[in-house]
Every structure is written in structure tokens, then in C-alpha cells.
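Here is what each chain is made of, one letter per residue.
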Amino acid sequence: MRARLLPLTAVSAFGLFALTGCVANAPADSAGASLTVDSSTDGCTVSAGEAPAGNLSFSITNSGDQVTEFYLLADDGLRIVGEAENIGPGLTRDLVVQLAEGQYVTACKPGMTGDGIGKAGFTVTASAQVVAVDEDLEAQIETANVNYASYVRDQVAQLVTGTDTFAAAYSAGDFDTARGVYASTRSHWERVETVAESFGDLDPQLDLREADLEDGQDWTGWHAIEKDLWPADAEAGFAAYPTEERQRLAGLLVQDTATLNEKVQTLSFTLSQQTNGAIGLLDEVATGKVTGEEEFWSHTDLWDFQANIDGAAVLYAGVRDILVDKDADLADSLDAEFAALQTLLDAQRVGDGFTLYTDLSAAEIKALADQVNALGEPLNQLTASLVL
Amino acid sequence: MSAETPLPPTPDKHSAAGLSRRGLLGLAGAGVAGLGLGVGGDRAYIAAASAAAPSPATAVYPFYQEHQAGIVTPAQDRLHFAAFDVSAGTTRAGLIELLRDWTVAAAAMAAGRDIGDFGAVSGPYDAPPEDTGEALGLPASGLTITFGFGPSLFENADGVDRFGIRARRPEELTELPHFPGDMLEPARSGGDLCIQACADDPQVAVHAIRNLSRIAFGRAVIRWSQLGFGRTSSTSTSQATPRNLFGFKDGTSNIKAEEPDAADGHVWVRDGPAWLAGGSYLVARRIRMTIETWDRTILREQEAVFGRNKGEGAPLSGGTEFTTPDFALTGRADLPLIGAAAHVRLAHPSRNEGIRMLRRGYNFVDGTDALGRLDAGLFFISFQSNPEHYTAVQLNLARHDALNEYIRHVGSALFAVPPGTAHGSYVGSALFA
């Protein structure tokens, strides 16, 4: 698959720190106060010094000539309650937070260095809207992180074992065995696909589809071998690979998977990486698996489909307790949509596998696609609900 | 050439009559061909007389010019694009005759007139009307009709030189290479000939393609066609940059009509064969957007993918829409504000050896696909002096662009666009001289 580039890179610089005392994703029926912030070269002017508890929107304009940040701090002036970073000169960015009654501090950081300037008190007064503050949140987030990192290591370890078996069978010419373990081994990859994709060259080396190649590019990885194992749908004149090529592809597959295994040993995940990872996995389903483009020759797309959903469900389960405290309705909705999708997938189980994509009816494919969209909409609210 | 400005409508006495017998056979009876009654329903004239003040709808761009209209012309709001295959059995003379007929009809329609001697409703009562008539009462609406020649016109897939022009094919006029991620559908790609019809009224653009394809029956047939409902580029500084279906402004550094030097250097062919001098190369790509996935993507990622903010279209490095992006400016963790895979970075001329193209794309929504998803996207059209400029930029995008997660190229075609046509001649005549 083509890499989804952003969740683990651009989105990696924030996450854990922005949580205590604030929640985004305010219910639509509780529009709160709107404030503006002027972040200039030497000032940080907020349009008001107080606002009622509930949803607050700060519209921060950078009128200076350096990149700036805006911080909303707890009354100790240290703990970050909300922030908007990387605001280029001349740009305006909105920060939406849910604040409980209390004393806060606002500050800007033009140039993104130092302690910040223009620190000023900001008072949130009592209002009809009650905002709960969860003091255990950071511990919950750390638990979710540790558990997910452990899940990723476990899946990649199983991927290594399966790949060794697959590659040995393929290079020895035992194609029945290779075909038999192809889809089940790839499931371990697909469960953590958004993590695997974050390692530059490894993803294209291991998982590139033929259509993703450019003229003259060396094609390696799972799908290059897939075509050789299931040549029935290959183009006219497709010649089976010579033995040396098979051994080369098998060797590279084992080697690159071992490299992946090394790289995941030290990974750690912010909350936003986890929620966006779940979203990324569902996008993979929506664009590649439900269309039958991923497993173009083996037609084992539903194995990948299930594995992507497995991975997304694990990510969701890890943060579900946090979500229940913040937005129980969204948690209910996600529980129901995950279950509905699983019911559709279970209906296609055959033995310990699934119906081949080419044997699905148009109505069955449509039902799966519709349910992916039904799950996708609430799932994509997850980041904003949990992280700011 | 200088920037085009809308001209007041003037009847063009050269262009109404002059269809070949063959062309008219498809329109009216042979018995009345060549009577030369001239103007069959001068729509522009009528519209101009009744309009209180000039509006974009009354713009008229002359067909006979140094360069073909529809390239540096301020981008109209609507598109109907068609690729044609020349029918089996059509000879070189037949092809030339078709081009002559197309030229006459295109000039008439660009001037806001019906085609043929009698137009839509004034002909013999026992003959089918020459003009199909759905544009009756509509002004010219800034209609431009731009013709192009595909590689297969010079040599078809079987290696046959059907029209004796193989030796005149420029080396650059060949199929575009396969780019990473391409999912091209043959039925939406290629073609011997193309016609780009742009207008500010969709009915006028459709009328043009409909009548030109009717004229071609028996000589050429439509291979594929595309409607576009909203321009995604501005080709004049007088136009605001429109948004694509992702909701973003893109291509703000497009070549504008007010930059004749840029057009000379980047759009018009200078170093090609003589028949193409003053022409250009047209690249057409049907780019499908995975709208549903994009719409549920968080705003942070949407802006990071483009490298611009969504509200104003300003680069994330700051400023306003037309501020030059500062790709070196870093923010938190010393990461650039405009990421390495951001579309604006990868597509920017400064990252592509100064390559600029004149883009003239349109949004499309062609209903829904079998999975109930909008069949929507961008019908990308660019004009450049050498198609290798497109190839270089697209290779860079296809390899690295974060946007690839949300788009796929499903149609592709390349055409050589001959220069403008002189009165009394026909489009592309130098190729057959």
C-alpha cells in the first residue's frame, strides 16, 4: 500500500501533554464563548480576561514575523491545558477547548523558544455547563501506550515467524505451503500496517503493489511473490520467475521483515498516534481492501480487511475507557458500528479463512463498503474527542 | 501574444458557411449545401442587443488567432472535453476535410452563431436541422474550442501510418509513462484527436461538443469525454483562485495571461517541428478523489497534506494566498512547517527545476460508483511547451506526495495542440502542408 505519511510524523509532536482539564469535540448544542488572540512580536493580547466554563474558542492570529505558539496553562503557569503550535506569520489558527471553572494563564511563544511572553491571568467563571476534570487521565494514557506498543511488537514477532515459513516454502518450490500461509501471515502485517508504513523504505520494499511501481523500479515484497504464486490473472505472456529470482525475493522479504522487527522494539505512541492509527487502518480498508485492489492475484482481500479492523479495534479498545468518561455517546456509537462490521465479516468466514474477493456479490461488497463508511464517520471523531 | 480580453460580439462573415459537402450531409440535405445564406441565427448578436451591460456570459473570443483560444484565455467556468478516434477507412483527405469542417463550425460557435447555412430552425422543413439547437437564445458565453492531435494519429497501435504523417511526429509526442499509483482505465485514456470546449454556460460547451461530434460521424467517433462543472485554476490575475473538491486552493502560482513572457517560455512550443510552432502540448488526467475518506480526515492532516491553510489558501509558512512558501521555515522539533511530502512543496516550481505549467483543470462529479461513493475528482488539464515538463513534476508527485493517499489517476492522454488558425485555413493545416 501507499504510505499514509502523516500520522506518525507530522502528528507526532503533540499528544500526551495537552490533556488534563480540557476536552475538544464539544457537543454542538453548547456553543461557547469566542475569543481572539493577537500574537505579535512582543505581545500576547487576549480579547477578554474571563469567560464562562464550557467550550471556548481562541482564534489566534500571528501578527509577528516569526512562527508562534499559543499556550493555555493551568494556574501554576506550567501545566499545559491547551495549545496551538506552528502558526506561521500572518496566519490564524483556532484552538477549541472545554474548560472547567478556575484560574488559567495565557501566553504566546513567538520564535518558539524561551518561556513565552505576554503571560496573563485568565479566569473561567462558573456556568451551567459542568466540566469534569479527570485526574487519572495521564495514567490511563500511559497504560494505553504501553499496551499498544506491546501489541505491535507481538504482531511483528508473529510476522517474522510466519514470513520465515512462507519464504522457505516459496524458495524451495513448495508453492502449496506458501499459498496456504500467505494470507494468514500477511494478517500480522495488516494489523499494524500504519506503524509498518511509517518506516520510509521498508513499506515499499515489502508491500508495494504492481500499479505503484514506476518505470524501471525493482519490484520486491509480498505482492511481487503473490503474482508468481497466483499467475492465473496475470497478463498474457507473464513468465514464472526463475529460481534465482524466487530466492532473491524470499531472502529480501525475510531480511526486511527482520529489520522491521528491530525498529518496532523501541516504539512509543502518543494518544493521537493511536487514535489516528485506528483511522488510518480504516482508510486502508476503504481505499484498498473493499475494492479488491490489494490482493490482486490471490483475492485474499478479506483477510487483510479483517486484520485492518482487528488493529483498529485494538487501538480503540486501548482508549475506550478514556472515551467513555469524555463522550459516552461516541463510545456507544463506535461499539455498535464495530460490531456491525464484524457481523458482516463473520458472514464471509469459510473455515479459518474468508470468501475470496472475486466470489463476493456486488451487494455483499456494497454492504461492506457502506459499513466501513458508517464506522469511519464516528471513528474519525476520536482524535478530537481525546486529544487536543 | 498579449493577454486576451473579451471582445464585443462581432459577426464573422468568414465562418458561417463553408462546411464541406460531407460535413453538411450530416446536417442538412445535399441539395441545399452551399447556398451560402450565411448567418443561421446569430445568437451573440441577439444576446448582445438585448443585454443592458456586458457580462462574462457575453464574452466572445475569436477563433482565428495566432494561438488557439482556450489556453491563456481566462479559464471559463465549464468544460466539455472529448477525445476522438478516427474511424477505420478515413483517408488523409478525409481527415483534412474533417478538420476543415470542424474549423468552420468552431469559428461559428465561438462567435455565438449556429452552425451551417441555416442553423437550427431556418432550414428546409423536410431536412433535419443543421444545428442541434439547444444553444438557441444563449450568448457565446466565452466559448473556446481547442483542438489537439494524439500520438496515435501519427502511428496507431498496430504501427500503421494511416495519414502519412508519421515522420512529422515530434519525439515528445508519445504516451506518458506509467507513474507510480496509476490505475488507468483504457476507456478513459488516449485518443487520436481531442476537443476542449470551455464556456461560462454548460449548455454552450455541451452544444459545441455535440455538434462537432455529429459533424464527425462516419469519420471520427468519441472515444471518451468528460464534463467539468467548476474551474480549479485561474489563468488571469483578474480571477480569484477557485477551490478543488478537497476544499483547498491549489495552483496559485499558475501561469497567468498577464505574463506573456512566462507563456512564451513555458507554454508555447518553440523548439519543435515547424507545424507545431506557436502550439503547445495538452496533458489530460482524470484524477479520482476518494472524497469519503478525505471528508473524515482531521483538519490538521488536511492542511499538512496540502501545506496550505484551508481558509485562505496561505502556505503554512505564513502570509497570504500569494505569499511565496518558505520551505525552510521550521516550527516545533525543528520540523519544517510545510512538510517534506506536502503537495505545495513537491509541486512548486522551485522544487522542479523551475518548471511551470499552465493548468486549466475542472472539478467533476459523474454520479456514484458501484460502492455508492461519489465518482468525483479533478479533471486535470495542463499546457506546456514540452510534455517532459509534466512528466518530471508528476514523477516527483507520484513518488512522494502525501495527497496520493486520497487520489488516484484513472485516465490519461497527451495531445499536441497546433497553433492558431488563419482565416480561410483550417486547424493544424501546417501538419498536412
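Residues numbered from 1 in each chain as written. Chains lettered and ligands numbered in written order. Predicted model: local features only at pLDDT ≥ 70, side-chain atom pairs only at ≥ 80, totals over all residues. Heavy atoms only, no water.

An unreviewed UniProt entry lists chain B under the name Deferrochelatase, from Cryobacterium breve. Per its UniProt entry, chain B bears the Function (unreviewed entry) comment "Involved in the recovery of exogenous heme iron. Extracts iron from heme while preserving the protoporphyrin ring intact." (UniProt positions renumbered as here; feature names shortened; annotations may be inferred.)

Where an unreviewed UniProt entry is consulted, chain A appears under the name PbrT family lead (Pb2+) uptake porter, with the organism given as Cryobacterium breve. The UniProt entry for chain A carries the following comment under Sequence similarities (unreviewed entry): "Belongs to the EfeM/EfeO family." The UniProt entry for chain A carries this comment under Subcellular location (unreviewed entry): "Cell envelope".

Enquirer: Now, about the overall build of chain B: what can you tell me, with residues and values included?
Expert: Of the regular secondary structure elements, chain B holds 10 helices and 10 strands. Residues counted as buried form 61% of the 433 residues belonging to chain B. Nonlocal contacts in chain B, meaning residues at least 24 apart in sequence, comprise 78% of its contacts between residues at least 6 apart. When the accessible area of chain B is evaluated, it comes to approximately 15,900 Å², of which 55% is carbon and sulfur surface. (Helix = DSSP H or I, 4+ residues; strand = E, 2+ residues; numbered from the N terminus. Buried < 20%, exposed > 50% of the residue type's maximum accessible area, 1.4 Å probe, protein only. Contact = heavy atoms within 4.5 Å. Areas by Shrake-Rupley, 256 points an atom, 1.4 Å probe, with all protein chains shown as cover.)

Enquirer: Run through the overall build of chain A, naming residues and quoting values.
Expert: Of the regular secondary structure elements, chain A holds 11 helices and 11 strands. Overall, the C-alpha framework of chain A stretches about 75 × 40 × 35 Å when taken along its three principal axes. Across the 388 residues of chain A, 55% fall into the buried class. Approximately 14,900 Å² of chain A is accessible, and the part contributed by carbon and sulfur atoms is 52%. Put simply, chain A has 20 plus and 62 minus side-chain charges, and the middle of one group is 3 Å from the middle of the other. (Lys, Arg positive; Asp, Glu negative; His and termini not counted. Charge placed at Lys NZ, Arg CZ, Asp CG, Glu CD.)

Enquirer: Tell me about the sheet that holds strand 5 (residues 68-74) of chain A, and please be specific about residues and values.
Expert: Residues and elements named next belong to chain A. The sheet built from five strands is open, its strands ordered 3-9-8-5-6 with mixed pairing. In this open sheet, the two edge strands, each paired with only one partner strand, are strand 3 (50-52) and strand 6 (80-87). Looking at each pair of strands side by side, their axes are set apart by 20° on average, direction ignored. As paired elements, strand 5 and strand 6 share five bridges and run antiparallel to each other. Looking at the pairing, F70 lines up with A84 of strand 6. (Pairing = 2+ DSSP bridges. Axes fitted to C-alpha atoms, helices over the stretch in contact; angles between N-to-C directions.)

Enquirer: Residues and numbers for the state of the cysteines, please.
Expert: All names here are of chain A. One pass over the structure, following the stated rule, counts one disulfide over all chains. The side chain of C44 participates in a disulfide bridge whose partner is C108; the two sulfur atoms lie 2.0 Å from each other. Between C44 and C108 the disulfide shows an S-S torsion of about 60°. By sign, it is right-handed. Taken together, the residues C44 in strand 2 (residues 44-46) and C108 in strand 8 (residues 102-108) connect sequence positions 64 residues apart. (Disulfide = S-S within 2.5 Å.)

Enquirer: Can you break down the sheet that holds strand 1 (residues 33-39) of chain A residue by residue, with the values?
Expert: Residues and elements named next belong to chain A. On the basis of which strands lie adjacent, the open sheet formed by four strands has the order 2-1-4-7 and mixed pairing. The outermost strands of the open sheet, each flanked by one partner alone, are strand 2 and strand 7 (92-99). Here the strands of the sheet are splayed against their neighbours by 20° on average, with no regard to which way each runs. Pairing between strand 4 (residues 54-62) and strand 7: eight bridges, direction antiparallel. Opposite G54, over in strand 7, you have L99 as the bridge partner.

Enquirer: Now, about the UniProt feature "domain: Imelysin-like" (unreviewed entry) in chain A: what can you tell me, with residues and values included?
Expert: Following the UniProt record, one finds the feature "domain: Imelysin-like" (unreviewed entry) at residues 147-381 of chain A. Between the end C-alpha atoms of residues 147-381 of chain A there is a gap of 22 Å, over a span that is 69% helix and 2% strand.

Enquirer: Give a detailed account of the packing of helix 5 (residues 222-229) of chain A against helix 6 (residues 243-263) of chain A, specifying residues and quantitative values.
Expert: All names here are of chain A. Closest axis-to-axis distance for the helix 5/helix 6 pair is 10 Å, and the angle between their directions is 145°. Pair helix 5 / helix 6 crosses with left-handed handedness. Listed contacts from helix 6 to W222, A224, I225 and D228 of helix 5 are R246, L249, A250 and L253. A breakdown of the residues in the contact of helix 5 with helix 6 according to their chemical character gives six nonpolar, no polar and two charged. (Left-handed = near helix turned anticlockwise from the far one by under 90°. Nonpolar A, V, L, I, M, F, W, Y, C, P; charged D, E, K, R; others polar.)

Enquirer: Residue-level account of the environment of Q76 of chain B, with values.
Expert: Structurally, Q76 of chain B is set in the loop between helix 2 (43-50) and strand 1 (78-86). Each C-alpha atom, one on Q76 of chain B and one on N244 of chain B, is 15 Å from the other, the two residues being 168 residues apart in sequence.

Enquirer: Tell me what's going on with the nonpolar core, and back it up with residues and numbers.
Expert: Of all hydrophobic cores here, the largest spans 78 residues; its most connected members are Y170, L260 and F305 of chain A. If you look at the next biggest cluster of nonpolar residues, it comprises 73 residues, including A107, L212, A216 and M357 of chain B. (Core = buried A, V, L, I, M, F, W, Y, C linked by side-chain atoms within 4.5 Å.)

Enquirer: I'd like to hear about the domain arrangement of chain A, residue by residue, with values.
Expert: In many analyses, interface size is given as the accessible surface area lost on bringing the parts together. Splitting chain A by domain gives domain 1 (21-125) and domain 2 (137-386). Between domain 1 of chain A and domain 2 of chain A, the C-alpha centre-to-centre distance is 40 Å. (Domains from an automatic or database assignment.)

Enquirer: Give a detailed account of the packing of aromatic side chains, specifying residues and quantitative values.
Expert: Residues and elements named next belong to chain A. Inspection of the entire model under this criterion finds 33 aromatic pairs over all chains. Between Y316 and F338, the ring centres sit 5.4 Å apart and the planes meet at 20°, which makes this aromatic pair stacked. Linking Y316 in helix 8 (residues 301-326) with F338 in helix 9 (residues 328-346), this pair joins segments that are 22 residues apart in sequence. Classification of Y316 as buried rests on a relative accessible area of 5%. When its relative accessible area of 9% is taken as the criterion, F338 is described as buried. Aromatic rings pair up to connect F166, Y170, F175, Y182, W222 and W230 into one cluster. (Phe/Tyr/Trp six-rings, centres within 6.5 Å; stacked < 30°, edge-to-face > 60°.)

Enquirer: Could you give an account of helix 8 (residues 299-306) of chain B, with specific residues and numbers?
Expert: Every buried residue of helix 8 of chain B is listed here: E301, Q302, E303, V305 and F306 of chain B. Where the residues of helix 8 of chain B are buried, they touch strand 7 of chain A together with helix 7 (291-295) and helix 9 (343-347) of chain B. Positive phi shows up at G307 of chain B, right after helix 8 of chain B, with a value of about 80°.

Enquirer: Tell me what's going on with the interface of chain A and chain B, and back it up with residues and numbers.
Expert: The interface of chain A with chain B comprises 45 residues on the first partner and 45 residues on the second. The contact between chain A and chain B buries some 3,600 Å² in all, and 51% of this surface belongs to carbon and sulfur atoms. Linking chain A to chain B there are five salt bridges. Viewed at the interface, chain B and chain A are joined by 15 residue pairs in polar contact (both at pLDDT 80 or more). Taken together, the elements giving at least two residues each to the side of chain A that touches chain B come down to strand 5, strand 6, helix 7 (271-289) and helix 10 (362-379) of chain A. With eight residues, the single largest contributor to the side of chain A that touches chain B is helix 10 of chain A. (Buried area = accessible area lost by both parts, 1.4 Å probe. Salt bridge = Lys/Arg side-chain N within 4 Å of Asp/Glu carboxyl O. Polar contact = N/O pair within 3.5 Å; in protein donor to acceptor, adjacent residues only side chain to side chain.)

Enquirer: Tell me what's going on with the pattern of salt bridges, and back it up with residues and numbers.
Expert: Applying the stated criterion across every chain yields a total of 42 salt bridges over all chains. A salt bridge links R300 of chain B to E85 of chain A; its shortest N-O distance comes to 3.0 Å. Residue R300 of chain B is found in helix 8, and its partner E85 of chain A is found in strand 6; the two belong to separate chains. Overall, R300 of chain B belongs to the partly exposed group, its relative accessible area being 33%. Here E85 of chain A falls in the buried class, since its relative accessible area comes to 7%. Residue D370 of chain A pairs with K366 of chain A through a salt bridge whose shortest N-O separation is 3.1 Å. Taken as a pair, D370 of chain A and K366 of chain A lie in helix 10 at a separation of four residues, close to a single helical turn.

Enquirer: Tell me about the confidence of the model for chain A, and please be specific about residues and values.
Expert: Residue and element names in this part refer to chain A. Considering every residue of chain A, the mean pLDDT works out to 88; 90% of them sit at 70 or more. Mean pLDDT across the elements of chain A ranges from a minimum in helix 11 (residues 382-386), with 87, to a maximum in helix 2 (residues 175-191), with 97. Contacts of residues 1-30 to residues separated by more than four positions or lying in other chains number 109 contacts, the stretch itself having pLDDT below 50. (pLDDT = per-residue confidence, 0-100.)

Enquirer: Mind laying out the environment of A402 of chain B, listing which residues take part and the relevant values?
Expert: With respect to the helices and strands, the residue A402 of chain B is situated in the loop between helix 10 (387-400) and strand 10 (407-417). The spatial distance from the C-alpha of A402 of chain B to the C-alpha of M183 of chain B is 17 Å, given a sequence separation of 219 residues.

Enquirer: Could you give an account of the pairing of strand 6 (residues 280-289) of chain B, naming the residues involved and the relevant values?
Expert: Residue and element names in this part refer to chain B. Most of strand 6 sits out of view: 10 of its 10 residues are buried. Where strand 6 and strand 9 (residues 374-384) come together, eight bridges link them in antiparallel fashion. Bridge pairing in strand 9 places R286 opposite F379.

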